[in-house]
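So you can see what is in the structure, the chains are spelled out below.
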2 protein chains.
Amino acid sequence: MSLQANPVAIVVHGGAGRIERESLTPELERLYHETLERSLRAGHEILRGGGSALDAVEAAIVIMEDAPVFNAGKGSVFTAEGKNELDASIMNGSGLQAGAVGGVTTVKNPIRVARAVMENSKHVFFTNEGAEKFAADNGLELVKPDYFRTDRRWKQFLNWRKQEEARAKPQAATTLEQPEDYFGTVGCVALDAKGNIAAGTSTGGMTGKRFGRIGDSPIIGAGTYADNRTAGISCTGHGEYFIRHAVAHDISARIAYKKESLAKAADDVVKSVLKKAGGNGGVIAIDAEGNVVMEFNTPAMSRGYIDREGKLKTAIFK
Amino acid sequence: MSLQANPVAIVVHGGAGRIERESLTPELERLYHETLERSLRAGHEILRGGGSALDAVEAAIVIMEDAPVFNAGKGSVFTAEGKNELDASIMNGSGLQAGAVGGVTTVKNPIRVARAVMENSKHVFFTNEGAEKFAADNGLELVKPDYFRTDRRWKQFLNWRKQEEARAKPQAATTLEQPEDYFGTVGCVALDAKGNIAAGTSTGGMTGKRFGRIGDSPIIGAGTYADNRTAGISCTGHGEYFIRHAVAHDISARIAYKKESLAKAADDVVKSVLKKAGGNGGVIAIDAEGNVVMEFNTPAMSRGYIDREGKLKTAIFK
């Protein structure tokens, strides 16, 4: 139980999709839970100490980016060309400031660069080599591209490539199908003691992505949104659907304009709108009162929270 | 007066900002009006013939991209490195399909590539070399980067660089200020006889942009949105504000959830929300009844429409 007058809360996700229970080794399952908990505790400690929601979101996401188990930072999946191209975004609910990066290959923690874009530039969205140049200019940690080459993801990539080669290729579109059912994006939303909400999202994208494809994670309004007057939201799932439905902003708009609760807005968007459209995935969110929502239309979403009573919970399946 | 049972309508913009009347030569002013009119007529002819809103939007925007007078396609401004990096997006209001490209340098008509992304891939957003590869694979017209080098924009660039060099540079952020007061992005929204709405936006971005900066134009929900149930919207202005406020989707959401008219929603967002935040620019939009809106908080926005009665109007100043 927190002793603070104003509630603080934090929620994280490590991706949504279909995980076969049998394919989830006990070790991997333990790693998911352990990393989610470590991420939550890091963010929560900042919040309890009177720190900002932005700092909490960044700290929590950095832990998930550095853990090979999630598809973000270190554990990112491979593109069709066998590279790692990372996207991230962050938003501050108090002034609607935002920062994002797309297609970076040499930045250890994309969420830190997204925050630097927000705070050290007048812009929101930097991409590719330009974003890396900005990261270098701002003293952020760079790594060699092979930092991101983990055995697990490389095997997934080789497996994807084998499937691709086996397929007939009548047209380019066919080869662009989602090869996996699990979208391993990570995200965090936090509410600090001053009533400020922040949200962030970070991803390696889709295995086998090409053409400089960017999903919803770095798109403000799609994968990430935060507004103190409504809620902070971070999404994970089949990104194209989240862009078309402007999912993160839509949840915020339903609270603002339809006067829906966060729970109702998230439920309607994820279980009704997205589900009908065929958009698999989920969202995490916190509103100004510290209500926590974790909503998904897939069999699993790795997730967790420390709520305003200080209660910690992590989960993978429904 | 149209003889069709169902109304068709089209609206275009060629950017918003401050134009000093004295700096606008009669020749340039004539060119603005003449190009806007040519663009409107091309789109309207398609609509009158029973063609789709998507075809009308593409045709209208291609004309503006090919005209050196607007900051899109041929007339695009230069980046800090003296290059041209173009962005565009398109959206179909009937199924919320969308396509976008960012940072392309060798594509003659970015709006055509955005449409190809929407129709020939399962994705929404391709960037940089990847997007160019996709354009080539899809048989779209490529040009050498110097196709985009017009004298007028090059002089603007040299002028920008001189100002930059003259300035002290205490930190990177200072050098990233908006060097111009006019945002020359182009856009189009159309309603076809089947009741389908489409919207598209295309831009060369900001003179002196760097770090692979992407503005609102290729961001679905920010610079472009279309939903048959609400409206189609295309934006122009200081892109970062349009991203943070998810302007295009916000107008759609106000119609859907607050039951506001398009006129009221556009007025509130542009004249109140954006104005208060310091976000200069404007929007064009059409709703399902064919109501046309052209709203801006800047001294000028080059714009025009052919409304459901077939009346054509173009304008630059208030």
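Use the structure listed above.
Fair warning: this is a prediction, and the values are worked out from it, not measured in the lab.

Caption draft 1: Structural view of the interface of chain A and chain B. Taken together, the contact between chain A and chain B spans 41 residues of the former and 42 residues of the latter. With both chains or domains summed, chain A and chain B bury close to 3900 Å², and 63% of this area falls on carbon and sulfur atoms. The largest per-residue losses of area from chain A upon contact with chain B belong to F211(A), R244(A) and Y257(A), which jointly make up 21% of the total buried on that side. Where chain A touches chain B, the interface holds zero salt bridges. Across the contact surface, chain A and chain B share 19 residue pairs in polar contact (both at pLDDT 80 or more). Listed by contribution, the elements that provide at least two residues to the side of chain A that touches chain B are β3 (97-104), β4 (125-127), α4 (128-137), β8 (213-214), α6 (239-244) and α7 (247-257) of chain A. Of the residues assigned to the side of chain A that touches chain B, the class counts are 20 nonpolar, ten polar and eleven charged. As defined by bridge partners, β8(A) adjoins strand β4 (residues 125-127) of chain B across two bridges and the pair is classed as antiparallel. Along β4(B), the bridge assignment pairs R213(A) with F126(B).

Caption draft 2: The packing of aromatic side chains, seen in detail. For the structure shown, the criterion picks out 18 aromatic pairs over all chains. Ring geometry for W154(A) versus F157(A): centroids 5.0 Å apart, planes at 40°, classification tilted. Within this pair, W154(A) and its partner F157(A) are both found in helix α5 (residues 151-166), separated by three residues, close to a single helical turn. For the ring pair F78(B) and F157(B), a centre distance of 5.8 Å and an interplane angle of 40° mean the geometry is tilted. Of the two residues, F78(B) is situated in the loop between α2 (53-66) and β2 (86-92) and F157(B) in helix α5 (residues 151-166); the sequence distance between them amounts to 79 residues. Here the two residues F78(B) and F157(B) agree in accessibility, since each one is buried. Each residue in the set F78(A), W154(A), F157(A) and W160(A) is aromatic and connected to the rest through ring pairs, giving one cluster. Positioned above the aromatic ring of Y241(A), the side-chain terminus of R244(A) is 5.4 Å from the ring centre. A cation sits over an aromatic face here: R149(B) above W154(B), 3.7 Å from the ring centre.

Caption draft 3: Geometry of the pattern of salt bridges. One pass over the structure, following the stated rule, counts 34 salt bridges over all chains. R112(A) is paired through a salt bridge with E58(A); the nearest N and O atoms lie 2.7 Å apart. Here R112(A) is found in helix α3 (residues 110-120), whereas its partner E58(A) is found in helix α2 (residues 53-66), with 54 residues between them in sequence. Accessibility expressed as a relative area gives 33% for R112(A), which makes it partly exposed. E295(B) is paired through a salt bridge with K271(B); the nearest N and O atoms lie 2.6 Å apart. With E295(B) in strand β11 (residues 292-296) and K271(B) in helix α8 (residues 262-277), this pair connects stretches of sequence that are 24 residues apart.

Caption draft 4: Examining the pairing of strand β12 (residues 300-306) of chain B more closely. Residues and elements named next belong to chain B. The buried fraction of β12 amounts to seven of the seven residues, a majority that puts the element mostly inside the structure. Burial of β12 is two-sided: the residues A300, S302, G304 and I306 facing one way and the residues M301, R303 and Y305 facing the other way are all buried. With six bridges joining them, strand β1 (residues 9-17) and β12 adopt antiparallel strand pairing. What sits directly across from G17, in β12, is A300. As paired strands, β12 and strand β13 (residues 312-317) are joined by five bridges and run antiparallel to one another. Each residue of the ladder has a partner; that of G304, found in β13, is T314. The hairpin turn running from β12 into β13, its antiparallel successor, is five residues long, and G310 in that turn takes a positive phi close to 85°.

Caption draft 5: Representation of the sheet that holds strand β8 (residues 224-226) of chain B. Residue and element names in this part refer to chain B. Ordered by their spatial adjacency, four strands build an open sheet running β8-β9-β10-β11, and the pairing between neighbours is antiparallel. Of all the strands in the sheet, the pair left with one neighbour each is β8 and β11. Averaged over all neighbouring strand pairs, the angle between strand axes comes to 10°, with direction disregarded. Bridge count for strand β9 (residues 231-237) against strand β10 (residues 281-287) is seven bridges, and the pairing is antiparallel. Bridge assignment links G237 to a residue of β10, and that residue is G281. In this fold helix α7 (residues 247-257) packs onto β8, β9 and β10, with an angle of close to 145° to the strand it touches most, β9. Contacts between α8 and the sheet are confined to β9, β10 and β11, with β11 contributing the most and set at about 10° to the helix.

Analysis parameters
Residues numbered from 1 in each chain as written. Chains lettered and ligands numbered in written order. Predicted model: local features only at pLDDT ≥ 70, side-chain atom pairs only at ≥ 80, totals over all residues. Heavy atoms only, no water. Contact = heavy atoms within 4.5 Å. Buried area = accessible area lost by both parts, 1.4 Å probe. Salt bridge = Lys/Arg side-chain N within 4 Å of Asp/Glu carboxyl O. Polar contact = N/O pair within 3.5 Å; in protein donor to acceptor, adjacent residues only side chain to side chain. Helix = DSSP H or I, 4+ residues; strand = E, 2+ residues; numbered from the N terminus. Nonpolar A, V, L, I, M, F, W, Y, C, P; charged D, E, K, R; others polar. Pairing = 2+ DSSP bridges. Phe/Tyr/Trp six-rings, centres within 6.5 Å; stacked < 30°, edge-to-face > 60°. Buried < 20%, exposed > 50% of the residue type's maximum accessible area, 1.4 Å probe, protein only. Lys NZ or Arg CZ within 6 Å of the ring centre and 35° of its normal. Axes fitted to C-alpha atoms, helices over the stretch in contact; angles between N-to-C directions.

Purely spatial values, then, with no claim about function.
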